[in-house]
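Working through the structure, step by step
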Amino acid sequence: MIKRNIATIIRDACEGCKKDGTLPVNTEINPIIEIPREEGHGDYSTNIAFLLAPALKKNPKAIAEDLVQRMDFDASCDKVEVAGKGFINFYVKDAVWQQLLQDAYANGIDTLFPSTGKGKKALIEFVSANPTGPLHIGHGRGAAVGDVLANILSKAGYEVTKEYYINDAGRQIRTLGRSTFLRWQELKGLQVSYEKDLYQGGYIKDLAREIIDKHIDVPPEEEDAVTLMSRFSGDAIMNGIMKDLEDFGVFFDSYYRESGLYGRGVIDSTLSLLREKGYAYENDGALWFRTSAFEKDEDRVLIKSDGEKTYFTSDIAYHLDKFERSYDTLVDIWGSDHHGYIPRLKAAIQALGRNKEDLKVILIQFVSLLKDGKPIGMSTRAGEFTTLREVLDEVGRDAARFFFLMRKSDAHLEFDLDLAVKTSNENPVYYVQYAHARIMSIFRNAAAEGVDAGQLKNADLRLLTQEDEIKLIKGIIHFHDVIEGCARSFEPHRITFYLLDLVGNFHSYYNKTRVLVDDRDLTIARLLLLHMLREVIRSGLSILGVSAPEKM
RNA sequence: GCGCCCAUAGCUCAACUGGAUAGAGUGUUGGACUACGAAUCCAAAGGUUGCAGGUUCGAAUCCUGCUGGGCGCGCCA
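Residues numbered from 1 in each chain as written. Chains lettered and ligands numbered in written order. Predicted model: local features only at pLDDT ≥ 70, side-chain atom pairs only at ≥ 80, totals over all residues. Heavy atoms only, no water.

Side note on the sheet that holds strand β11 (residues 329-335)
- Pairing is parallel across the open sheet formed by five strands, whose spatial order is β7-β6-β5-β11-β12. The open sheet has two edge strands with one neighbour each: β7 (254-257) and β12 (359-364). Taken pair by pair, the neighbouring strands of this sheet meet at an average axis angle of 25°, ignoring direction.
- As paired strands, β11 and β12 are joined by six bridges and run parallel to one another. The residue of β12 that forms the bridge with V331 is K360.
- Packed on one face of the sheet, helix α11 (residues 311-324) meets β5 (121-125), β6 (159-166), β7, β11 and β12 and runs near 160° to β6.
- Docked against the sheet, helix α12 (residues 342-351) engages β11 and β12, running at close to 165° with respect to β12. (Pairing = 2+ DSSP bridges. Helix = DSSP H or I, 4+ residues; strand = E, 2+ residues; numbered from the N terminus. Axes fitted to C-alpha atoms, helices over the stretch in contact; angles between N-to-C directions. Contact = heavy atoms within 4.5 Å.)

See below:
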């Protein structure tokens, strides 16, 4: 959009320089065009003069001045000026902004979305918690980040699949069965010794009780009983997880079972592929992967000397399988305690013939809960962790999701439960939602005065001349850049900050300017501005999975 | 011992690919509802970006060392 026009203006000026020999013909022109954070520095700014300075051996300011002389910007800018030590600042005409808003209204808000990922397929794998216990608050954060990132990538043109990987083949599922079995024996009145490495949470006892209450037939042999209870417990817990996610507003396109890898022979083909390429070798009776060929990491075991595959092996197979399902971008969302695992998996996908950039791992840092201003213990041991369910019950879906997305995911998140439930100005969720409800209210009043949405198409946006009105228009149009930035950096939190900022400008405008005035034309112009603002707020909230209420 | 992440206003956090005078919220102080919702707004105050060097026209951002916090480092999953 407008940014592209600016780029063209810059390029044309540079081409002019090349023609008369001021600039060597083979000079690369890759200017950075950014929105200056300082409002006094125009709408867009470029550093091109700094980039050319070393080649030309001239000072940036002189280069900038020369370039500006050559620029043909009358169509889009009021002025273009050299500032600081050589920045070139562009001041876009109000009329251009007004036109962009008009276009967005006429063509629909979807035209504001970028096409960064057009033609690309992305698979986002997240949560993927083992079905051995309920989701805790950390999983909740990962779920929110993954879900919203999926929404963002999808808005940016990617074809996105959300996947949950279920580790149903490992030893932990057997441990789960054994835990339930022992609790079950306990309930039957038997003396058992419950080992420390079994699952400690109270939910295990509930499962055992359920088996009794439902009169489920337990085989006499312990082995068979544990097998039955493994399956029963795993399924029951998985159902609980899915219910929690559903209430959290997170839905997956596919659930991929680890056990499925074996049936399809993916493990074997992965191993033979690695052997073929020379990245797998035998040592001490085990099969090793040559991690060190790609990353600064030690070689890792694929098959133990007892013949068992490691978890790493099925993980490589799983990722190979993702690529074979023709995804070109893989996003994995992990708890940050798994960070040490990144190099070996990156090495593995390179061994499979992929670029390391094709796999993007997003680490989710821990969440610490705050209640009455004090931290709540989060020990997973002894089952003392806070579950996602508890947080959801306490603060609701909207606040929970919004709070999870207020931080960069690789930073610790302090989740203040008291603040999240507060129905006041202190709570940022309401700040955004209130703006939406407020706009809706204005439209209800407008309708009562005989102005309806049908009249908006005749709006004359040239009437929007106030500084804060132009600022709001820019905010709306910048939605495009925000989504693009989120999609490029895989950082969903930017959207919450954008919304808070946008909505802040609206609240401020609202307090200063009356929308429904005697001048009918002005009223309609302002209503169109608010209509588009509401569209952006609603769209932004919907990407976050937060509701946009008509009334509050 | 080795590796990864983090350190920004009293507190919680932003700062887009290195960009110009580092921004919000909260808290503190003071102010605005007899017209569209005060769950709102306006104003003031608050900083040597953990410390010390380096690269650069330019560093919160990149590099080196140090301090402090979190997390990893198994033929576990």
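A few points about the domain arrangement of chain A
- The domain architecture assigned to chain A consists of domain 1 (2-92), domain 2 (98-116 + 424-544) and domain 3 (171-247).
- Each of domain 1 and domain 2 has a C-alpha centre, and the two are 31 Å apart.
- Contacts between the two partners involve six residues from domain 1, matched on the other side by five residues from domain 2.
- Approximately 450 Å² of surface area, both sides summed, lies buried where domain 1 meets domain 2, with 46% of it carried by carbon and sulfur atoms.
- Summed over the three residues of domain 1 that lose the most area to domain 2, namely I35, E39 and D43, the buried surface amounts to 58% of that side.
- Counting across the domain 1 and domain 2 interface gives three salt bridges. (Domains from an automatic or database assignment. Buried area = accessible area lost by both parts, 1.4 Å probe. Salt bridge = Lys/Arg side-chain N within 4 Å of Asp/Glu carboxyl O.)

Thoughts on the environment of R209
- Looking at the secondary structure, you find R209 in helix α7 (residues 203-213).
- The exposure class assigned to R209 is partly exposed, which follows from its relative accessible area of 43%.
- Along the sequence, R209 and W184 sit 25 residues apart, while their C-alpha atoms lie 6.9 Å from each other. (Buried < 20%, exposed > 50% of the residue type's maximum accessible area, 1.4 Å probe, protein only.)

Some points on the environment of V361
- The topology assignment puts V361 in strand β12.
- Sequence separation between V361 and I124 is 237 residues; the distance between their C-alpha atoms is 9.8 Å.
- Not counting residues up to four positions away in its chain, the partners in contact with V361 are D332, W334 and I342.

Notes on the pattern of salt bridges
- With the rule as written, the count across this model stands at 32 salt bridges.
- Note that K322 and E125 form a salt bridge whose closest N and O atoms lie 2.9 Å from each other. Residue K322 is found in helix α11, and its partner E125 is found in strand β5; the two are separated by 197 residues along the sequence.
- Where E469 meets R526, a salt bridge forms, and the shortest distance between an N and an O atom there is 2.8 Å. Here R526 lies in helix α19 (residues 520-544) and E469 lies in helix α16 (residues 467-477), a separation of 57 residues in the sequence.
- Under the relative-accessibility criterion, E469 is labelled buried at 0%.
- The network of salt bridges with common partners includes K243, D244, D247, R389 and D393.

Some thoughts on the environment of L149
- Inspection of the secondary structure puts L149 in helix α5 (residues 137-155).
- With 360 residues separating them in the primary sequence, L149 and Y509 have C-alpha atoms 31 Å apart.
- Setting aside chain neighbours within four positions, we find L149 in contact with I124, V331, I362, F490 and P492.

Section: the side chain of S128
- You can see S128 is positioned in the loop between β5 and α5.
- Among the polar contacts made by the side chain of S128, one reaches the side chain of E125 at a distance of 2.8 Å.
- Among the polar contacts listed, one links the side chain of S128 to the backbone nitrogen of Y165, at a separation of 3.0 Å.
- Every residue in contact with S128, bar those within four places of it in the chain, is listed here: E163, Y164, Y165 and N167. (Polar contact = N/O pair within 3.5 Å; in protein donor to acceptor, adjacent residues only side chain to side chain.)

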